[in-house]
Amino acid sequence: MFRTRTGTRTASLAALATAGVLLLTACNGNGYDDAAAAASPSAAAAGPTFQNGTARQNNAQPNSGDLAPDAAPAAAPKKPVARSWVQLSAGRAGALDPVVANGAGFTLYRFDKDSAQPSKSTCFDACASTWPPYLVAKGGKVFLDGVPKSAIGFIPRDDAFQVTIGGWPVYLFGKDTKPGDTNGQGVGGTWFGVTPDGKKAGQGGGSAAPGGGTPPPGAAKPATSATFFNSANFADPAEGVAGPGCKPVRFSGSLQISGTAKIWDGPNCTGKSQEVQGDVKDLAAIGFPAVKSIRFGG
């Protein structure tokens, strides 16, 4: 009996020792879990964090982000500068609707020679002097103003992160001299303003055709009705709203819709607007804590 117990005890100790070796291997011998790091690269790289609303609404320091004097495209230094915060706002600029602008109102652009899958920039040196890459510092903040968080990503660049929308790296244009300029639209047949989902602004590449016309092949059709819920994740109470035209909305928690329509934060389809396509689990997460009206059919 004594010999049997000793053998069992020895085997148990051996198993524990083996498990300890495996644990140290998985932790790289220093308590750092390689598998966890691979699954969470953004945490290891001190990636930017997201916050709903504008920089002003969140009391961000103006000179540390898009509102700094040298953050304007025409005044940007030759070497790209990463800001402590950036802001992505969906709206209209010139004939582009929708298009994404930064916190100072300057249009953001995408470049056809880049790639979205995987996200990759090909604009460097002289190109990057004319088209400053839109950079946010490690550990910085991204304020979302009508742009869905799900569309935003980052690629490492210049010891910071270049923002991507729909996978496409985005840039400012050095010849845009005031907020709302769209002088970069169509340059070289390869540069275009970027929509909130990463498509080319003004090209019919968004989720619905410009001006409410016939959608391009494969695009979602305009919706004729929608259901708004009082809380996120489609929690009751709810109200049904049907078109055509502009209709008032009572609830602003979440939205179920088949097709595309445009929502507004003011009555009678006024104020800030954004086109939506498909269900939205949390309207506040896309920058619309209050929805007052919706337009069906363009």
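Residues numbered from 1 in each chain as written. Predicted model: local features only at pLDDT ≥ 70, side-chain atom pairs only at ≥ 80, totals over all residues. Heavy atoms only, no water.

**Structural notes on the overall build of the chain**
- Across its full length, the chain holds 4 helices and 18 strands.
- Residues classed as buried in the chain amount to 41% of the 298 residues present.
- Taking all contacts inside the chain whose residues are at least 6 apart in sequence as the whole, residues at least 24 apart take part in 64%.
- By element, 55% of the accessible surface of the chain is carried by carbon and sulfur atoms, the whole surface being about 15,100 Å². (Helix = DSSP H or I, 4+ residues; strand = E, 2+ residues; numbered from the N terminus. Buried < 20%, exposed > 50% of the residue type's maximum accessible area, 1.4 Å probe, protein only. Contact = heavy atoms within 4.5 Å. Areas by Shrake-Rupley, 256 points an atom, 1.4 Å probe, with all protein chains shown as cover.)

**As for the pattern of salt bridges**
- Applying the stated criterion across every chain, the model contains 10 salt bridges.
- It is possible to trace a salt-bridge network through shared partners that takes in Arg92, Asp97 and Lys262. (Salt bridge = Lys/Arg side-chain N within 4 Å of Asp/Glu carboxyl O.)

**Re the state of the cysteines**
- For the structure shown, the criterion picks out 2 disulfides.
- A disulfide bridge connects Cys123 with Cys127, and the sulfur atoms are separated by 1.9 Å. Residues Cys123 and Cys127 are joined through a disulfide that is left-handed, its torsion about the S-S bond being -105 degrees.
- With its sulfur 2.1 Å from that of its partner, Cys246 forms a disulfide with Cys269. Residues Cys246 and Cys269 share a disulfide whose torsion about the S-S bond is about 110 degrees; that sign makes it right-handed. Residue Cys246 is located in strand E14 (residues 245-248), and its partner Cys269 is located in the loop between strand E16 (260-266) and strand E17 (270-277); the two are separated by 23 residues in the primary sequence.
- Taking relative accessible area as the criterion, Cys246 reaches 26% and is therefore assigned partly exposed.
- Judged by its relative accessible area of 9%, Cys269 is buried. (Disulfide = S-S within 2.5 Å.)

**Notes on the sheet that holds strand E12 (residues 225-231)**
- Read across the sheet, 3 strands follow the order E13-E12-E15 without closing on themselves; strand pairing throughout is antiparallel. The two strands at the open ends of the sheet, each matched to only one other strand, are strand E13 (235-242) and strand E15 (254-257). The mean angle between the axes of side-by-side strands here comes to 25 degrees, regardless of whether they run parallel or antiparallel.
- The pairing of E12 with E13 spans 6 bridges and is antiparallel. Residue pairing for E13: Ser231 is matched across the bridge by Ala235. (Pairing = 2+ DSSP bridges. Axes fitted to C-alpha atoms, helices over the stretch in contact; angles between N-to-C directions.)

**Some thoughts on the nonpolar core**
- Within the largest apolar cluster, 19 residues are counted, with the highest numbers of intra-cluster contacts made by Leu88, Leu108, Tyr134, Ile152 and Val163.
- One finds Phe251, Ile257, Ile286 and Ile294 within the second-largest nonpolar core, a separate group that totals 18 residues. (Core = buried A, V, L, I, M, F, W, Y, C linked by side-chain atoms within 4.5 Å.)

**Things to note about the confidence of the model for the chain**
- Per-residue confidence for the chain averages 80 on the pLDDT scale, and 79% of its residues sit at or above 70.
- Every residue in residues 1-44 is under pLDDT 50, and counting partners more than four places away or in other chains gives 10 contacts. (pLDDT = per-residue confidence, 0-100.)

**Remarks on the packing of aromatic side chains**
- Inspection of every chain in the model, using the stated rule, returns 10 aromatic pairs.
- Considering the side-chain rings of Phe50 and Phe154, the 5.8 Å spacing of their centres and the 40 degrees angle between planes classify their relative orientation as tilted. Residue Phe50 is located in strand E1 (residues 49-52), and its partner Phe154 is located in strand E8 (residues 152-157); the two are separated by 104 residues in the primary sequence.
- For Phe154, a relative accessible area of 25% puts it in the partly exposed group.
- When the centroid spacing of 5.7 Å and the interplanar angle of 70 degrees are considered together, the rings of Phe229 and Phe234 count as edge-to-face.
- The exposure class of Phe229 is buried, given its relative accessible area of 7%.
- By relative accessible area, Phe234 is classed as partly exposed at 23%. (Phe/Tyr/Trp six-rings, centres within 6.5 Å; stacked < 30°, edge-to-face > 60°.)

**Some thoughts on the side chain of Asp176**
- Among the secondary structure elements, Asp176 is positioned in the loop between strand E10 (168-169) and strand E11 (191-193).
- Buried and unpaired, Asp176 has no salt bridge, with Lys178 as the nearest side chain of opposite charge at 8.2 Å.
- A polar contact of 2.7 Å, which involves the side chain of Asp176, links it to the side chain of Tyr109.
- In this structure the side chain of Asp176 is engaged in a polar contact, spanning 2.9 Å, whose partner is the backbone nitrogen of Asn183. (Lys, Arg positive; Asp, Glu negative; His and termini not counted. Polar contact = N/O pair within 3.5 Å; in protein donor to acceptor, adjacent residues only side chain to side chain.)

**Brief notes about the sheet that holds E14**
- The 4 strands lie next to each other as E14-E18-E16-E17, forming an open sheet whose pairing is antiparallel. At either end of the open sheet lies a strand with only one pairing partner, and these are E14 and E17. Strand-to-strand twist of the sheet, defined as the mean angle between neighbouring strand axes without regard to direction, takes the value 25 degrees.
- Where E16 lies against E17, 6 bridges are found, and the strand directions are antiparallel. Bridging across to E17, Lys262 finds its partner in Glu275.

**Notes on the environment of Val147**
- The residue Val147 is located in the loop between strand E7 (135-145) and E8 in this model.
- Relative accessible area serves as the criterion here: at 0%, Val147 is assigned to the buried category.
- Residues Val147 and Ile165, 18 residues apart in the sequence, show an inter-C-alpha distance of 9.2 Å.
- Sequence-distant contacts of Val147, that is, excluding residues within four places in its chain, are made with Leu88, Ser89, Ala90, Val100, Ile152, Pro196, Gln274, Ala285 and Ile286.

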